[in-house]
Amino acid sequence: MAKPSREAVTGLLAGPAALAVAGMLVNGCNLLMNLIVARSLDPDSYGAVSVQVSIFLILSVAGNALLIAVVQHETSGPGGTRREQWSWIRRLRGVCGVGIAISAIVAVVLCRPVAALMSYPHPLAIAEATIGAALWTLLCVERGLLQARGAYPRLAVNFVVEGFVRIGLVIVLVLGGLGVNGAGLGIVLGVVVGAEHARWAVTRTPRLPRPPASQRGAPVSQRGAPVLPDDGTPPATGPIPLPIPAPRASARQSVIADTTVALGALIPLALLQNMDVVIVGWLGSSGVGGYAAISTACKVPVFIGLAVANFLLPEAARRRKEGRPAGGTLVVALVFVVAPGLFLAGLGLFAAKWLIGLVFGAHLTAAASALSVLALSMTLLAVTLMFTTYLLGAGVRRVVGVLAVATVATAGALVSAGGGSMATATAALAAESVTALAVGLLVVQLHHADRRVARVAETHRRPAGDMGLPNPQPGEGVPARV
């Protein structure tokens with residue numbers, strides 16, 4: 001195997017580095033926002049804001065699933081003319097607009113009964129979280145297009161613009177006296193500004209040229225198996241056939257199918273990320289504010305992972321489609337999420353109370369002792385997120401079932417913890433360890449399958465002498481197939 005050039009390594013690191021820096025900037029501002037909000041509100045109100053944000057993040061998985069579908073369609077679908085490309089994008093934007101209007105009406109009508117069911121004293125905040133999640137779909141469409149076109153610097157700028165506007169508005173509205181409802185309004189307005197900025201960036205970003213036919217992967221069946229020639233033998237030349245699903249008949253069918261699969265994976269991931277705070281609050285624990293503080297701090301590796309996933313998904317899908325190795329992109333992504341998670345866990349061993357007190361205030365340090373345990377849990381969740389993103393890019397659907405089972409088991413473990421901070425963090429760590437191991441095994445299986453396909457293809461590429469057969473002498477007939 002040829003050693004990768006310095007330019008190739010630099011190119012591989014540039015995308016995730018830009019996105020990781022943007023993610024860390026936004027996350028740093030999130031911590032600043034939490035410092036200001038936590039010191040401006042009483043512990044119960046701050047806990048209510050954390051629950052509202054968790055509801056928004058859980059509901060926003062629909063937009064994240066749509067983003068994955070857009071990336072997969074753009075990287076693997078047929079080229080088409082420029083007019084055809086923009087036509088399906090405009091239709092998709094229109095469908096999102098209709099969905100936003102319907103979601104807003106439903107949210108306003110149902111927010112009070114849902115709040116009563118959750119024992120949540122801020123029904124309007126639930127409506128705001130729902131509307132914000134609906135608007136998130138428009139932002140995800142534009143970000144998916146930027147990902148598929150490899151515009152990682154512009155995507156990183158969009159992260160910063162949306163994050164800074166949202167965070168600034170939340171701070172201003174909360175300090176202005178609107179409290180929990182002001183935080184929700186800031187989220188809604190920030191997402192609107194982010195979506196418009198992303199749309200502006202898309203109009204200035206051309207689509208990547210499709211590689212020549214000689215550089216694309218061999219055709220595959222709907223199940224991902226290589227399609228062989230009529231005589232049943234693998235192709236003798238061309239790139240290694242890889243198990244990527246064949247492009248679907250239409251953009252509409254492609255987006256619906258890919259969104260459904262991605263939604264099945266992202267809903268469990270969103271629940272794994274946010275349901276611990278919701279469960280602690282639902283159990284009526286008086287320490288929900290303190291637990292919300294350490295939960296927010298420990299999500300640093302997850303937030304960085306969500307940013308780096310915007311690089312991993314299109315690059316892994318594109319490389320596999322073109323028959324190139326994709327494992328390097330996964331390794332780079334894992335480094336960017338594991339390193340900050342381990343650093344946070346180590347810091348929590350020696351200075352947890354000081355850190356939480358500095359960022360959130362001394363009145364929210366009750367759960368500080370569980371910081372290291374929960375930081376390790378969230379680091380493993382970030383690893384699971386990277387594995388899942390990689391598998392979705394490869395078209396592996398079994399991950400949906402694994403995550404569904406893991407989510408149910410994790411919910412049961414968190415409820416059985418009874419709402420205590422250390423017990424909840426320990427239960428989350430045990431559950432996330434098993435989940436990361438199970439999803440990681442799917443990645444290992446995928447790579448084993450790739451190697452088997454590569455060996456078969458290499459066997460049929462070798463000259464006759466390499467397979468132990470006599471080399472034909474001049475004048476002798478050469479069989480067309482061996």
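Described below are features of the structure shown in this document. Quantities reported herein were computed from a predicted structural model and do not represent experimental measurements. (Residues numbered from 1 in each chain as written. Predicted model: local features only at pLDDT ≥ 70, side-chain atom pairs only at ≥ 80, totals over all residues. Heavy atoms only, no water.)

**A closer look at the environment of G341**
Here is step 1 of the chain: Looking at where G341 falls in the secondary structure, it is placed in helix α10 (residues 327-360).
Here is step 2 of the chain: A residue is classified by how much of its surface remains accessible, and G341, at 0% relative accessible area, is buried.
Here is step 3 of the chain: Separated by 31 residues in sequence, G341 and S372 place their C-alpha atoms 9.5 Å apart.
Here is step 4 of the chain: Once residues within four sequence positions are removed from consideration, G341 is found in contact with P301, A375 and T379. (Helix = DSSP H or I, 4+ residues; strand = E, 2+ residues; numbered from the N terminus. Buried < 20%, exposed > 50% of the residue type's maximum accessible area, 1.4 Å probe, protein only. Contact = heavy atoms within 4.5 Å.)

**Some points on the packing of helix α2 (residues 43-59) against helix α6 (residues 152-203)**
Here is step 1 of the chain: Viewed as axis vectors pointing N to C, α2 and α6 meet at an angle of 30°, and their least axial separation amounts to 9 Å. Classified by the angle their axes make, α2 and α6 are roughly parallel. Note on packing geometry: the crossing formed by α2 with α6 is right-handed. Listed contacts from α6 to S45, A48, V49, Q52, V53 and F56 of α2 are V180, A183, G184, I187 and V191.
Here is step 2 of the chain: The residue inventory of the contact of α2 with α6, partitioned by class, reads eight nonpolar, three polar and no charged. (Axes fitted to C-alpha atoms, helices over the stretch in contact; angles between N-to-C directions. Parallel < 35°, antiparallel > 145°, perpendicular 65-115°, else oblique. Left-handed = near helix turned anticlockwise from the far one by under 90°. Nonpolar A, V, L, I, M, F, W, Y, C, P; charged D, E, K, R; others polar.)

**Here's the deal with the environment of A148**
Here is step 1 of the chain: Note that A148 resides in helix α5 (residues 123-148).
Here is step 2 of the chain: Note: C-alpha distance between A148 and F311 (163 residues apart in sequence) is 9.2 Å.

**Considering the side chain of T424**
Here is step 1 of the chain: Turning to its location among the elements, T424 is positioned in helix α13 (residues 421-461).
Here is step 2 of the chain: Its relative accessible area of 1% is what places T424 among the buried residues.
Here is step 3 of the chain: Ignoring anything within four residues of it in the chain, the contact list for T424 reads D276, V280, Y291, L414, A417 and G419.

**Focus on the state of the cysteines**
Here is step 1 of the chain: Inspection of the entire model under this criterion finds zero disulfides.
Here is step 2 of the chain: Sulfur of C140: no disulfide; nearest cysteine sulfur belongs to C96 and is 9.0 Å away. (Disulfide = S-S within 2.5 Å.)

**Quick word on the pattern of salt bridges**
Here is step 1 of the chain: With the rule as written, the count across this model stands at four salt bridges.
Here is step 2 of the chain: For E142, the salt bridge goes to R93, with nearest N and O atoms at 2.8 Å. With E142 in helix α5 and R93 in helix α4 (residues 82-118), this pair connects stretches of sequence that are 49 residues apart. For the pair E142 and R93, one class covers both residues: buried. (Salt bridge = Lys/Arg side-chain N within 4 Å of Asp/Glu carboxyl O.)

**Observations regarding a nonpolar patch on the surface**
Here is step 1 of the chain: Among the surface-exposed residues, V98, I102, I105, V106, V109, L110 and V114 lie close enough to one another that they form a single nonpolar patch of about 610 Å² accessible area.
Here is step 2 of the chain: Relative to the assigned elements, V98 resides in helix α4. (Patch = residues over 30% accessible without salt bridge, like charges linked within 9 Å, V, L, I, M, F, W, Y side chains within 5 Å. Areas by Shrake-Rupley, 256 points an atom, 1.4 Å probe, with all protein chains shown as cover.)

**Looking at α5**
Here is step 1 of the chain: Over its 26 residues, α5 runs 38 Å from end to end, which matches the ideal 38 Å to within 8%, given 1.5 Å per residue.
Here is step 2 of the chain: With 23 of its 26 residues buried, α5 lies for the most part within the structure.
Here is step 3 of the chain: Of the residues trailing α5, G150 is marked for its positive phi of about 70°. (Expected span 1.5 Å × (residues − 1).)

**Some words on the nonpolar core**
Here is step 1 of the chain: In terms of nonpolar packing, the biggest core is built from 130 residues, with Y120, I294, L330, F360, L374, M386 and L391 touching the most fellow members.
Here is step 2 of the chain: Among the elements that take part in this core, α6 stands out by supplying 18 residues, more than any other.
Here is step 3 of the chain: In contact with F360, not counting residues within four places along its chain, are L31, N34, A38, R39, Y46, A293, T296 and A297. (Core = buried A, V, L, I, M, F, W, Y, C linked by side-chain atoms within 4.5 Å.)

These values are about where atoms sit, not about what they do.
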